[in-house]
Amino acid sequence: MRIYADNAATTKLSPEALFAMMPYLTDCYGNPSSLYESGQKAKEAIEQARETVASCIGAEPKEIIFTSGGSESDNQAILSAAEIGKKNGKTHIVSDAIEHHAVLHTLKKLQTRGFDVTYLPVGENGIVDPEDVKEAIREDTCLVTVMTANNEIGTIQPVCEIGKICRERNVLFHTDAVQAVGHLPIHVCSDNIDLLSASAHKFHGPKGVGFLYAKKGIRLTNLIEGGAQEKGRRAGTENVAGIVGMAEALKGSVSRMEENGKKLTDLRNRLIEGLSEIPHSALNGDREKRLPNNVSFCFEGIEGEGLLLLLDDRGICASSGSACTSGSLDPSHVLLAIGRKHDVAHGSLRLTLGDDATAEDVEYIIRSVKEVVSYLRSFSPVWRDLTAGKSEFIL
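Quick word on the environment of Val369
In this structure, Val369 sits in helix H12 (residues 359-378). Under the relative-accessibility criterion, Val369 is labelled buried at 0%. Along the sequence, Val369 and Leu307 sit 62 residues apart, while their C-alpha atoms lie 8.0 Å from each other. If sequence neighbours within four positions are ignored, Val369 has contacts with Leu275, Ile278, Phe299, Leu311 and Leu349.

Notes on the packing of helix H8 (residues 257-275) against H12
Two quantities define a packed helix pair, namely the angle between the helix axes and the distance between the axes. Following both chains from N to C, one finds H8 and H12 inclined at 20°, their axes separated by 10 Å at the closest point. What the angle tells us is that H8 and H12 run roughly parallel. The chirality of how H8 crosses H12 is right-handed. Counting all contacts with H8, which are made through Leu267, Arg270, Leu271, Gly274 and Leu275, the residues of H12 involved are Ala359, Val362, Glu363, Ile365, Ile366, Val369 and Lys370. When the residues that make up the contact of H8 with H12 are grouped by side-chain class, the tally is eight nonpolar, one polar and three charged.

Looking at the pairing of strand E2 (residues 64-67)
Going residue by residue along E2, you find Ile64 and Phe66 tucked away on one face and Ile65 and Thr67 tucked away on the opposite face as well. Sheet analysis places E2 next to strand E8 (residues 210-214), joined by four bridges and oriented antiparallel. Bridge pairing links Phe66 to Phe211 in E8.

Regarding the pattern of salt bridges
Scanning the model with the defined rule gives 20 salt bridges in all. One salt bridge connects Asp312 with Arg2, and the closest N-O pair in it is separated by 3.2 Å. Residue Asp312 is found in helix H9 (residues 304-313), and its partner Arg2 is found in the segment before strand E1 (3-4); the two are separated by 310 residues along the sequence. Note that Asp116 and Arg138 form a salt bridge whose closest N and O atoms lie 2.9 Å from each other. On the criterion of sequence distance, the pair formed by Asp116 in strand E4 (residues 116-120) and Arg138 in the loop between helix H5 (130-136) and strand E5 (141-145) is long-range, its members being 22 residues apart. Relative accessible area serves as the criterion here: at 33%, Arg138 is assigned to the partly exposed category. In this structure, a network of salt bridges that share partners links the residues Glu47, Arg50 and Glu230.

Looking at the sheet that holds strand E12 (residues 348-352)
With respect to topology, three strands assemble into an open sheet ordered E9-E10-E12, the strand pairing being antiparallel. The outermost strands of the open sheet, each flanked by one partner alone, are strand E9 (281-283) and E12. The sheet shows a mean angle of 20° between the axes of neighbouring strands, direction not considered. By the bridge criterion, five bridges tie strand E10 (residues 294-299) to E12 in an arrangement that is antiparallel. Paired with Ser296 across the bridge in E12 is Arg350.

Here's the deal with unusual backbone geometry
Trans is the prevailing form of peptide bonds, just as negative phi is the prevailing case for residues other than glycine. One non-glycine residue, His204, lies in the positive phi region at around 75°. Despite not being glycine, Glu230 has its phi angle at roughly 50°, a positive value. With respect to the secondary-structure elements, Glu230 resides in the loop between E8 and helix H7 (240-255). You can call Glu230 buried: its relative accessible area is 6%.

Parameters and conventions
- Residues numbered from 1 in each chain as written.
- Predicted model: local features only at pLDDT ≥ 70, side-chain atom pairs only at ≥ 80, totals over all residues.
- Heavy atoms only, no water.
- Helix = DSSP H or I, 4+ residues; strand = E, 2+ residues; numbered from the N terminus.
- Buried < 20%, exposed > 50% of the residue type's maximum accessible area, 1.4 Å probe, protein only.
- Contact = heavy atoms within 4.5 Å.
- Axes fitted to C-alpha atoms, helices over the stretch in contact; angles between N-to-C directions.
- Parallel < 35°, antiparallel > 145°, perpendicular 65-115°, else oblique.
- Left-handed = near helix turned anticlockwise from the far one by under 90°.
- Nonpolar A, V, L, I, M, F, W, Y, C, P; charged D, E, K, R; others polar.
- Pairing = 2+ DSSP bridges.
- Salt bridge = Lys/Arg side-chain N within 4 Å of Asp/Glu carboxyl O.

Structure below.
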C-alpha cells in the first residue's frame, strides 16, 4: 500500500496536462520564434495557454509572464518592485517571518544592497495581522510581500485586506501564491494583487514551469537577458510543452476546486481529529484558515526524520517541517516563528493530501502515525526524561 501525502512538495501530473503536452514533445517541436508553420503553431499554443492562465486568476493575458517556476517568479517580482522603488527614492520593504526561502533569501540580498526590510511577526496561528502591515508601511515603503498560503503549516493569509491597505498607501503588493493557485479562489483584481507568483507542479502541472502575474503598468526587471521572448521580459526559448501542460492543469484544477476542496477539508478535519488524540502533540497553524489538504503537527519527544523514515516503510510519503532533513540541524523557521520550541519543532510532520485521497487512506495514516510515534518514544531518552519528571512537557 502506497499513500502519497506530500502534495505540498509536488503533485502528480494530471492526465489532461500530459495529453496536452504530447504534441509539443513529438510532432510540433518548432521554436516559437521561428516563422515556419511548426514554429508558429508553437507560438499560438503559448498564447492560448496565456489566455487560459489569465482567465483562471482574473488577469489579462498580457499580464502573464511564463517562468521556470515559483522561485524565479518570486525573485523577479521582488527585485522588480525594489528597482522601481529605488528609482523613486523608496527602499523599504515589508514582509513576514514565515515566507518561503525564495522570498526571504531575495530580501536578504536586497538588504546587502541598502534596502531596509521589516519582517512582521505572526501569532501562534501563523497569520499576519493586516493592522501590523498598516503600521509597518512608511513613506519610503516600495513593496509589501506576503504569501497567500504557507507551504509548511497551510495557513491562509488575509491577502485581500493586505492588498487593500497597500492600494490605499500606493505601495506595490506581491504575494507568493505557489501553494494557493489551483487550490483556492484567486482573482487578482478583487484581491488587490499587483504581483503574483505560481508554479505548475503544485497543481498537477509539470515541473520546471510557472508564471508571474504583473499588473499592467509595472515595469519588470529582467533576470535573464538574451532574447525578446515574453515581450522582452524573460529571455530564452520557451518551454512550450511545459507551458501548455501548466495551462491545462490549472484549468482542470480550477474547474474541480469546489468539489475537491469540500472533500479534502472533510478528510483534513478527520486527520486533525485523529492525530490530536496522540498525547503531547499540537496542530501547527490555524485550525480553520488553512489549505483544504494541509495537516501539520508537532509531536514531543521524537525526531521528525525518524518519523518520516518509518512512515515510508509503511508506504506513507510525508515530510517534516524540520530543516534537518535537508542537511541542517536547525528546525523550520516557520515553526519557530509561530512559537514552537526547538525540541518540539524537530518532531514535526506535514501531511498534504491529494485529490484522490480516501477516508481509508486517512484512517491508515492516523493508525500508522500513532504507532510510529509510540515506537519512537519507547526508546527516546528525551521522552524518558519527560515521563520520569526530569524535564517538563512543553505540549
